[in-house]
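Given next are the chains, with one letter for each unit.
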Amino acid sequence: MESAEGQQGRDSGSRWRSSPFDVIISQIRRKRATSDRRPLGRFLSWASDRTGIPEDGEAEGKEDRGQKTDFSASEESERHIGWGRLSVFLQRLGKKTDSRTLNLAHCDLTVTDLLELASLLQFLPQLEELDVSWNDLIGGSLSALTSHLQLAGSTRTLRLCGCRLNDHDVAALGEGLGSVPLLEILDLSWNGGVGSGALQGLLGKLHPPLRELHLVACQLTAADTTVLGGIMAALPRLCVLDVSCNPQITQEVDVGGFSDLSASLSHASSLTVLRLQACGLTADHLHGLGGSLRCLPSVRELDLSCNKRLAAGLSCLTFHLPQVTHLEKLDLHQCHLTRGDLEALVQALPSLTALTELDVSSNKEVGSMVHPLVSALPLTQMRRLPLNSCGLNEESFTALALAVPHLHSVDVSWCKVAGGRLALLLDALQPSVIQELRLSSCDLTTADLQHLAAVSRRGFLSSLRVLDMSYNGSVGDDGWSTLFSAGGLVSLEDLDLSLRPSASASCSSWLPSLLGALPRMSALSRLVMRRWAAGPQERRQLSFCVRRRSVLLDWDSEDKNSSFEVANQERSAGESA
């Protein structure tokens with residue numbers, strides 16, 4: 001029996017015989033001196049030469065570096081594949097890929113989409129804004145997303161409006177928010193399931209950096225409002241609080257509710273915007289709220305609109321308003337304000353030196369108080385003073401002209417007194433100041449539009465972005481033609497020429513003037529012409545013109561126009577008979 005060494009020698013000899021190329025390479029290496037090999041080693045590995053590692057060590061080092069390079073290449077390849085998957089996912093939803101912003105609102109997302117989105121978050125390490133609002137099919141399954149929020153720990157804005165969230169979703173969100181310590185904006189508006197006790201799931205889960213909290217129309221109860229007061233105590237940087245359209249927060253007197261929230265507001269020293277629209281507020285609520293506002297001099301916007309039970313109780317708030325020295329916007333529209341309320345407001349206005357916007361529209365008693373209001377306002381800095389649906393008379397319409405030169409927005413819609421008197425306001429305009437002009441349902445005449453055309457021709461409307469002339473069927477064809485032929489509407493973005501729902505008329509006489517003006521309206525993005533009728537060729541001309549400019553055209557279908565034309569023919573036949 002042969003020895004192991006002999007067997008090994010034969011095996012070795014067999015290997016050399018089967019590899020002639022290795023024999024040649026070995027001979028070449030033996031002929032090279034050690035001094036010839038060293039420079040090559042130094043060239044390949046500067047570090048090994050300095051540390052005295054032998055060349056075998058150099059080979060090992062190179063092998064390690066090769067493994068690291070392979071790992072990095074694999075990681076980079078995985079990122080590219082992940083980014084490709086993300087791009088395909090977003091392309092399917094009609095969205096563009098952005099490493100910092102992911103907007104998936106109104107995408108009809110399903111639970112399957114939500115699971116896929118959650119798996120893709122790992123490829124968005126820089127994500128700052130995530131919006132999946134108005135996807136009502138994901139309600140009840142939000143945990144599929146929130147359980148992966150740790151992959152998007154840099155998120156600063158999270159919007160989940162109108163997703164039919166329930167209490168389980170809110171609880172899952174509360175757990176997930178622990179992985180998003182930098183969150184600054186949270187919007188859960190229009191989710192009825194957030195109320196009725198579900199808000200408790202967020203208690204203690206929101207982090208101090210939060211700056212905005214939006215809970216509009218969440219069916220919050222008085223008990224939820226108490227919880228909200230506790231949440232606010234842990235949010236020292238909160239700037240915006242919006243709990244509008246939650247009327248139940250003031251209905252349960254015994255629970256505390258709004259009174260607890262009012263008390264907690266006094267500790268929100270950073271609060272600048274407070275919105276309480278349509279919350280069922282009464283004079284008693286204003287008394288408690290006013291006391292807290294005294295501790296919040298930084299508030300710049302206060303919205304108490306659509307609280308109809310405030311009637312005859314505004315003085316409970318106006319007594320404290322002078323302490324809110326930085327108030328810029330005050331919204332009291334549709335509050336059924338009485339003359340006494342308006343007189344109390346007039347007394348407080350001189351102290352509000354920072355005020356730029358005051359909305360008392362849709363309050364009928366305002367019509368007899370315009371002059372005192374205008375006299376008490378800091379006119380030179382006022383930018384908005386809407387007085388639509390205020391029952392204006394000739395005297396108040398004239399008084400409004402005092403404020404018009406400084407206003408960026410003028411709204412006297414539904415004020416019939418404007419018809420035939422529009423020149424009073426137009427002559428008070430300053431060049432390139434006004435940006436929004438709303439004259440809906442004002443019984444305007446052809447002469448009014450001709451005067452508007454003259455003002456536009458002189459360049460006074462060069463900054464105008466919104467022009468609402470709807471529901472003014474009393475204007476003749478010459479008025480529309482003159483307006484569009486005048487030019488000067490170079491910044492106009494939104495134009496509404498609609499007729500009343502019960503009305504209809506032909507625009508054939510002045511449509512050529514509009515078609516000629518459109519090329520000069522380079523900023524136009526929306527044109528509304530409801531219930532105006534035109535022939536098929538005219539419709540094609542206008543549609544082609546706006547489509548080429550990517551302008552949204554809101555016009556009735558041809559079927560309605562055909563019905564209008566038939567009705568006109570029948571009416572003409574009846575008159576002839």
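The numbers attached to residues start from 1 for each chain and follow its sequence in the written order. Reporting in this predicted model follows two pLDDT cut-offs: at least 70 for local features of residues, and 80 or more for side-chain atom pairs to be given and counted; totals over whole chains, interfaces and linings ignore these cut-offs and use all residues. Heavy atoms from the whole structure form the basis of all side-chain values; hydrogens and water molecules are not counted.

Asks: Would you mind going over the overall build of the protein chain with me for this structure?
Replies: Secondary structure follows DSSP: runs of H or I at least 4 residues long count as helices, runs of E at least 2 residues long count as strands, and numbering of each begins at the N terminus. When helices and strands are tallied, the protein chain shows 21 helices and 18 strands. Sequence-distant contacts in the protein chain: of pairs separated by 6 or more residues, those separated by 24 or more amount to 83%. Here the Shrake-Rupley method, with its probe set to 1.4 Å, supplies the accessible areas, and only the displayed protein chains count as covering residues. Just so you have it, the protein chain exposes about 27600 Å², and 51% of that area is on carbon and sulfur atoms. A contact between two residues is defined here by any heavy atoms of the two lying within 4.5 Å.

Asks: Explain the side chain of S298 here, please?
Replies: Within the secondary structure layout, S298 lies in the loop between α11 (283-293) and β8 (301-303). Note on S298: relative accessible area 18%, which makes it buried. Polar contact is the term for a pair of N or O atoms within 3.5 Å; when the atoms are in protein, one must be able to donate a hydrogen and the other to accept it, and sequence-neighboring residues count only if both atoms are side-chain atoms. For S298, the side chain forms a polar contact with the main-chain oxygen of S269, separated by 3.2 Å. The contact partners of S298, leaving out residues within four places of it in the chain, are S269, S270, L271, T272 and H326. When a residue's accessible area, from a 1.4 Å probe over protein chains only, is under 20% of the maximum for its type it is buried; when over 50% it is exposed; and in between it is partly exposed.

Asks: Hey, could you run me through the sheet that holds strand β14 (residues 494-496) in this one?
Replies: By definition, the strands of a sheet pair up through backbone hydrogen bonds, in either a parallel or an antiparallel sense. Only when DSSP finds a minimum of two bridges between them are two strands counted as paired. One open sheet accounts for six strands, arranged β11-β12-β13-β14-β16-β18; its pairing is parallel. For this open sheet the edge positions go to β11 (409-411) and β18 (552-554), each flanked by a neighbour on one side alone. Across the sheet, the mean angle separating the axes of adjacent strands is 5° when strand polarity is ignored. Examined bridge by bridge, strand β12 (residues 436-438) and strand β13 (residues 466-468) share three bridges and lie parallel to one another. When the sheet's bridge partners are listed, L437 is paired in β13 with L467. Each axis is a line fitted through C-alpha atoms, and for a helix only the stretch in contact is used; angles between axes span 0 to 180 degrees, taken between their N-to-C directions.

Asks: Mind showing me how you'd approach helix α18 (residues 477-486) here?
Replies: Burial in α18 covers these residues: G479, W480, S481, L483, F484 and A486. The secondary structure elements touched by the buried residues of α18 are α17 (446-457), β14, α19 (511-517) and β17 (532-533). Looking one or two places after α18, you find G487, whose phi comes out positive at around 75°.

Asks: In this structure, what is going on with the packing of aromatic side chains? I would like to understand it.
Replies: For any pair of aromatic rings, the description rests on two quantities: the centre-to-centre distance and the angle between the ring planes. Stacked, edge-to-face and tilted labels apply to pairs of Phe, Tyr and Trp rings (six-membered ring for Trp) whose centres lie within 6.5 Å, assigned for plane angles under 30 degrees, over 60, and everything in between, in that order. Here the structure, examined in full by the defined rule, presents five aromatic pairs. For the ring pair W414 and Y471, a centre distance of 6.0 Å and an interplane angle of 85° mean the geometry is edge-to-face. On the criterion of sequence distance, the pair formed by W414 in the loop between β11 and α16 (422-426) and Y471 in the loop between β13 and α18 is long-range, its members being 57 residues apart. Take W414: its relative accessible area is 43%, and that puts it in the partly exposed class.

Asks: Sorry, what's going on with the pattern of salt bridges here?
Replies: For side chains bearing opposite charge, pairing can occur when the charged atoms are close. We count a salt bridge whenever a side-chain nitrogen from Lys or Arg sits within 4 Å of a carboxyl oxygen from Asp or Glu. Within this structure, the stated rule accounts for 19 salt bridges. Among the salt bridges present, the one from E175 reaches K205, with a minimum N-O distance of 3.1 Å. Here the residue E175 occupies a position in helix α8 (residues 167-176), and K205 occupies one in the loop between β4 (185-187) and β5 (212-214), the gap between them amounting to 30 residues. Bridged by salt links that share partners, the residues R92, D113 and E116 form one connected network.

Asks: For this particular structure, what's the right way to read the sheet that holds strand β2 (residues 129-131)?
Replies: Read across the sheet, ten strands follow the order β1-β2-β3-β4-β5-β6-β7-β8-β9-β10 without closing on themselves; strand pairing throughout is parallel. Looking at the sheet topology across the chains shown, the edges are occupied by β1 (101-103) and β10 (357-359). Taken over all neighbouring pairs, the strand axes of this sheet differ in orientation by 5° on average, direction set aside.

Asks: What exactly am I supposed to notice about the nonpolar core here?
Replies: Taken as a class, soluble globular proteins show a tendency for nonpolar side chains to be buried jointly. Buried residues of nine kinds, namely Ala, Val, Leu, Ile, Met, Phe, Trp, Tyr and Cys, make up a nonpolar core once their side-chain atoms join them within 4.5 Å. If you look at the biggest cluster of nonpolar residues, it comprises 160 residues, and the most contacted ones within it are L241 and M529. With near-sequence residues (within four places) excluded, M529 lies in contact with L497, S498, C507, W510, L511, L514, L542, D554 and W555.

Asks: Explain the packing of helix α10 (residues 258-265) against α11 here, please?
Replies: A pair of packed helices can be characterised by two numbers: the angle between their axes and the separation between those axes. Interaxial distance between α10 and α11 falls to 8 Å at its minimum, and their mutual angle equals 15°. By the criterion of interaxial angle, the relationship of α10 to α11 is roughly parallel. Once α10 is placed against α11, the crossing between them reads as right-handed. Residues F258, S262, A263 and L265 of α10 touch α11, and the partners they reach there are H285, G288, L289 and S292. All residues other than Ala, Val, Leu, Ile, Met, Phe, Trp, Tyr, Cys, Pro, Asp, Glu, Lys and Arg, Gly among them, are scored as polar; the first ten of these are nonpolar and the last four charged. Across the contact of α10 with α11, the residue classes tally to four nonpolar, four polar and no charged. Oblique is the label for any angle not covered by the other classes, which are roughly parallel (under 35 degrees), roughly antiparallel (over 145) and roughly perpendicular (65 to 115). Whether a crossing is left-handed or right-handed is set by the direction in which the near helix is turned from the far one by less than a right angle, anticlockwise for left-handed and clockwise for right-handed.

Asks: Explain unusual backbone geometry to me, please; I cannot follow it from the model alone.
Replies: Most peptide bonds adopt trans geometry, and most residues besides glycine take a negative phi value. Positioned with a positive phi, R164 is a non-glycine residue whose angle comes to about 55°. Within the secondary structure, R164 is located in the loop between β3 (157-159) and α8. Backbone geometry at A217 places phi at a positive 50°, although glycine is not the residue there. When you line up the elements, A217 lands in the loop between β5 and α9 (222-232).

Asks: For this particular structure, what's the right way to read α17?
Replies: Turn by turn, an α-helix covers 3.6 residues, leaving residues three or four places apart pointing in a common direction. The end-to-end C-alpha distance of α17 is 16 Å, a good match for the 16 Å that twelve residues give at a rise of 1.5 Å each. Looking only at α17, the buried set comprises D448, L449, L452, A453, V455 and S456. In a view along the axis of α17, the buried residues occupy a sector of 160°, so they form one face of it. Its buried side turned inward, α17 meets α16, β12 and α18. Trailing α17 by a residue or two, G459 shows a phi angle of about 90°, which is positive. In this analysis, the expected span of each helix is defined as 1.5 Å times one less than the number of residues it contains. It is the directions from the helix axis to the C-beta atoms whose arc is reported.

Asks: Please explain the environment of S456 as it appears in this structure.
Replies: For S456, the position within the fold is in helix α17. In this structure, the C-alpha to C-alpha distance between S456 and V490, residues 34 residues apart in sequence, is 9.9 Å. If we ignore the near neighbours within four places in the chain, the residues touching S456 are L461, G487, G488 and L489. A polar side-chain atom of S456 sits 2.5 Å from the main-chain carbonyl oxygen of G487.

Asks: Please explain the environment of A118 as it appears in this structure.
Replies: Checked against the element boundaries, A118 lands in helix α6 (residues 111-120). C-alpha separation for the pair A118 and S143, spaced 25 residues apart in sequence, amounts to 9.8 Å. Dropping the residues within four chain positions of it, A118 is found in contact with A144, L145, H148 and L151.

Asks: How should the confidence of the model for the protein chain be read in this particular structure?
Replies: Predicted coordinates in regions of low pLDDT should not be interpreted in detail. The predictor attaches a confidence to each residue, called pLDDT, with possible values from 0 through 100. In this model, the protein chain carries a mean pLDDT of 86, and residues with pLDDT of at least 70 account for 82%. Under a pLDDT of 50 for its full length, residues 1-18 has, in the predicted model, five contacts with residues more than four places off or in other chains. Per-residue pLDDT stays below 50 along residues 30-55; that stretch engages in 14 contacts with residues further than four places along the chain or on separate chains.

Asks: Help me understand the packing of α17 against α18, please; the structure alone is not making it clear to me.
Replies: Direction vectors running N to C along α17 and α18 enclose 5°, while the axes themselves pass 8 Å from each other. If you check the angle between α17 and α18, you find them roughly parallel. Side by side, α17 and α18 meet where T446, L449, Q450, L452, A453 and R457 of the first sit next to D478, G479, W480, T482, L483 and A486 of the second. Broken down by class, the residue content of the contact of α17 with α18 amounts to six nonpolar, four polar and two charged.

Asks: Quick question: what am I supposed to make of the side chain of S481 here?
Replies: Looking at where S481 falls in the secondary structure, it is placed in helix α18. What makes S481 buried here is its relative accessible area of 16%.

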